[in-house]
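Results of the structural survey
As a plain string of letters, each chain reads:
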Amino acid sequence: LIGVGCAPAFLVCTVFIARQFDAARFAAVSGASMAMGTLGMLLTGTPLAWLVEQLSWRAGFAVLGGLSALAWLWIFVAVREPAAPGSGSHAPRESLREAVGRFAALFTLPHTWGIVALGSVTYAAFISLRGLWLGPLLIERHGLSLVESGHVALAVSLVSLCGPLLFGRLDPGAGTRRRWIMACTLAVAALFVAFAFAERTWVDVGGALFVGLLSGYIILQYADVRAAYPAALTGRAMAVFTMAMFLGVAAMQWLTGWIATEAAARGIDPFLAVMGGIAALLVAGMVAFRALPAPPGGAARG
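Notes on the structure in this doc start here. (Residues numbered from 1 in each chain as written. Predicted model: local features only at pLDDT ≥ 70, side-chain atom pairs only at ≥ 80, totals over all residues. Heavy atoms only, no water.)

**Focus: the overall build of the protein chain**
We count it as follows: Comment: elements are numbered from the N terminus, with helices defined as DSSP H or I runs of at least four residues and strands as E runs of at least two. Relative accessibility under 20% of the residue-type maximum defines a buried residue, over 50% an exposed one, and the middle range a partly exposed one, all with a 1.4 Å probe and only protein chains included. By definition, residues are in contact when any of their heavy atoms lie within 4.5 Å. Here, Shrake-Rupley sampling with a 1.4 Å probe gives the accessible areas, and only protein chains in the shown set may cover a residue.
Scanning the protein chain from terminus to terminus reveals 12 helices and 0 strands. The proportion of buried residues among the 302 residues of the protein chain is 40%. Across the protein chain, every contact between residues at least 6 apart in sequence was considered, and the portion connecting residues at least 24 apart equals 80%. Just so you have it, the protein chain exposes about 16100 Å², and 71% of that area is on carbon and sulfur atoms.

Spelled out as structure tokens, the structure:
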């Protein structure tokens, strides 16, 4: 249930930023927001483990609940969204049927499919590496200890803080943004190919750090989504993209587990199969993004 709640919370923040800041500042502000979210993940690592060890797991949940309540209170007091033009207390509310119909209408726009196809694999590749396969890769392939692999995972998390900030500042704009997105996707896929075949400790450690940094280009995908739809559809488009991103995380972790099991049963190195599979999914997503219709107007250029 907590996991289900993460996607709507992230979506609401992104839509709020899209409404508050113009297109020129959207990527930079979204990058800062994503970096702060990653910082929160660090706080739930070693500090939370120490707290649970010193007190109990109930204390950990209590502290997290208290911090969440403080964050909610801060938002309640400090954040204000101006009323949309023409909105008022007598504005008709949208029915559930109308809302579902308008979400479905997004998929009648041809460029939605390419955006969703790529969105479902980019963040998923990073999370599958960082959250599922990095530890086993370093421990089983290279003989690192649990603590040593934890140090690498922490370093990857720290580097991933810089990615959204970096790409938010480097956003090239609608003219070439899509080329940047495709180039970064291919670069990450190439790193996963290296993980599959190189079998060198420095390649796996250095490559994981580089994947952490490059993961920040996902912020360019959010900027691309904003540019691809009119203002009236921005919220729904962000919702569809975020849904694809988080469903992709779940699907890729399940799929790579299945790939590893099947590879081991056939005498194939599971890490070669898993890393190669992730690389193939990234390339497939990029090809769909490139081949399917692009958005009209400025977002389609590049």
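The rest of the description comes next.
**Concerning helix H8 (residues 177-197)**
Within an α-helix, residues lying three or four positions from one another point in the same direction, as the helix has 3.6 residues per turn. Using the following cut-off: Helix span, as expected, comes to 1.5 Å for every residue beyond the first.
Here H8 is 21 residues long and its end C-alpha atoms lie 31 Å apart, about the 30 Å a rise of 1.5 Å per residue gives. Those residues of H8 that fall on the buried side of the exposure criterion are Arg177, Arg178, Ile181, Met182, Cys184, Thr185, Val188, Ala189, Leu191, Phe192, Phe195 and Ala196. Packed against the buried residues of H8 are helix H6 (111-142), helix H7 (146-170), helix H9 (201-214), helix H10 (218-228) and helix H12 (270-291). A positive backbone phi angle near 55° is found at glutamate 199, which sits one or two residues after H8.

**Quick word on the nonpolar core**
In summary, soluble globular proteins display a tendency toward joint burial of nonpolar side chains. Just so we agree on the cut-off: The nonpolar core is taken to be a set of buried Ala, Val, Leu, Ile, Met, Phe, Trp, Tyr and Cys residues, with the residues joined through side-chain atoms within 4.5 Å.
Ranked by internal contacts, the top residues of the largest apolar core, which has 59 residues, are Leu129, Leu134, Phe192, Met275 and Leu282. Elements that contribute at least two residues to this core include exactly H6, H7, H8, H9, H10, helix H11 (234-265) and H12. Here this core takes 13 residues from H6, the largest share from any one element. Not counting residues within four places of it along the chain, the set of residues in contact with phenylalanine 192 comprises Ala125, Leu129, Val211, Met275, Ile278, Ala279 and Leu282.

**Thoughts on the packing of H6 against H7**
Put simply, the rule is: Every axis corresponds to a line fitted to the C-alpha atoms, with the helix fit spanning only the stretch in contact, and the corresponding angles, defined between N-to-C directions, vary from 0 to 180 degrees. If an angle is under 35 degrees, it is roughly parallel; if it is over 145, roughly antiparallel; if it lies from 65 to 115, roughly perpendicular; otherwise it is oblique. In a left-handed crossing the near helix is turned counterclockwise from the far helix by less than a right angle, and in a right-handed crossing that turn is clockwise.
Here H6 crosses H7 at 155°, and the two axes come no closer than 9 Å. When the axes of H6 and H7 are compared, the pair comes out roughly antiparallel. Once H6 is placed against H7, the crossing between them reads as right-handed. Taking contact as the criterion, the partners of Phe126, Arg130, Leu134, Gly135, Leu138 and Ile139 in H6 are, on H7, Leu146, Ser149, Val152, Ala153, Val156, Ser157 and Ser160.

**A look at a nonpolar patch on the surface**
What counts here: Patch membership requires more than 30% relative accessible area and the absence of a salt bridge. Residues of like charge join within 9 Å; the nonpolar side chains Val, Leu, Ile, Met, Phe, Trp and Tyr join within 5 Å. Within this document, salt bridges are pairs made up of a side-chain nitrogen of Lys or Arg and a carboxyl oxygen of Asp or Glu, the two lying within 4 Å of each other.
Side chains of Val63, Leu64, Leu67, Leu70, Trp72, Leu73, Phe76 and Val77 sit close together on the surface and give an oily, nonpolar patch of about 800 Å² of accessible area. Looking at the element boundaries, valine 63 is found in helix H4 (residues 57-78). In this structure valine 63 comes out as partly exposed when scored by relative accessible area, which is 39%.

**Re the packing of aromatic side chains**
Definition in use: Ring geometry is summarised as follows: Phe, Tyr and Trp rings, the Trp one being its six-membered ring, pair when their centres sit within 6.5 Å, and such pairs are stacked at plane angles under 30 degrees, edge-to-face over 60 and tilted between the two.
Summed over all chains, the structure comprises 6 aromatic pairs. Their ring planes at 15° and their centres at 5.3 Å tell us that tryptophan 72 and phenylalanine 76 sit as a pair that is stacked. With a gap of 4 residues between them, tryptophan 72 and phenylalanine 76 both fall in helix H4, about one helical turn apart. Since its relative accessible area comes to 52%, phenylalanine 76 is described here as exposed. With centroids separated by 6.1 Å and ring planes inclined at 65°, the aromatic side chains of tyrosine 123 and phenylalanine 246 adopt a geometry described as edge-to-face.

**Quick word on the side chain of arginine 141**
Put simply, the rule is: N or O atoms within 3.5 Å of each other form a polar contact, as long as, within protein, one can give a hydrogen and the other can take it, and as long as residues adjacent in sequence are counted only when both atoms are side-chain atoms.
Within the secondary structure layout, arginine 141 lies in helix H6. One polar contact links arginine 141 to aspartate 204, side chain to side chain, over a distance of 3.3 Å. In contact with arginine 141, other than residues within four places in its own chain, are Pro136, Phe195, Ala196, Glu199, Asp204, Asp269, Phe271 and Leu272.

**Comments concerning the pattern of salt bridges**
Inspection of every chain in the model, using the stated rule, returns 5 salt bridges. Residues arginine 177 and aspartate 171 are paired through a salt bridge, measuring 2.9 Å at the closest nitrogen-oxygen approach. Among the ionic pairs, aspartate 224 bridges to arginine 178, the shortest N-O distance being 3.0 Å. Pair noted here: aspartate 224 is in helix H10 and arginine 178 is in helix H8, with a separation of 46 residues, a long-range link. Here the two residues aspartate 224 and arginine 178 agree in accessibility, since each one is buried. Overlapping salt bridges bring together Arg141, Asp204 and Asp269 as one network.

**Side note on the environment of methionine 275**
Relative to the assigned elements, methionine 275 resides in helix H12. Exposure remark for methionine 275: the relative accessible area of 0% places this residue in the buried category. Residues methionine 275 and alanine 125, 150 residues apart in the sequence, show an inter-C-alpha distance of 9.5 Å. Those residues in contact with methionine 275 that lie beyond four places of it in its chain are Leu129, Trp133, Leu137, Phe192, Phe195 and Ala196.

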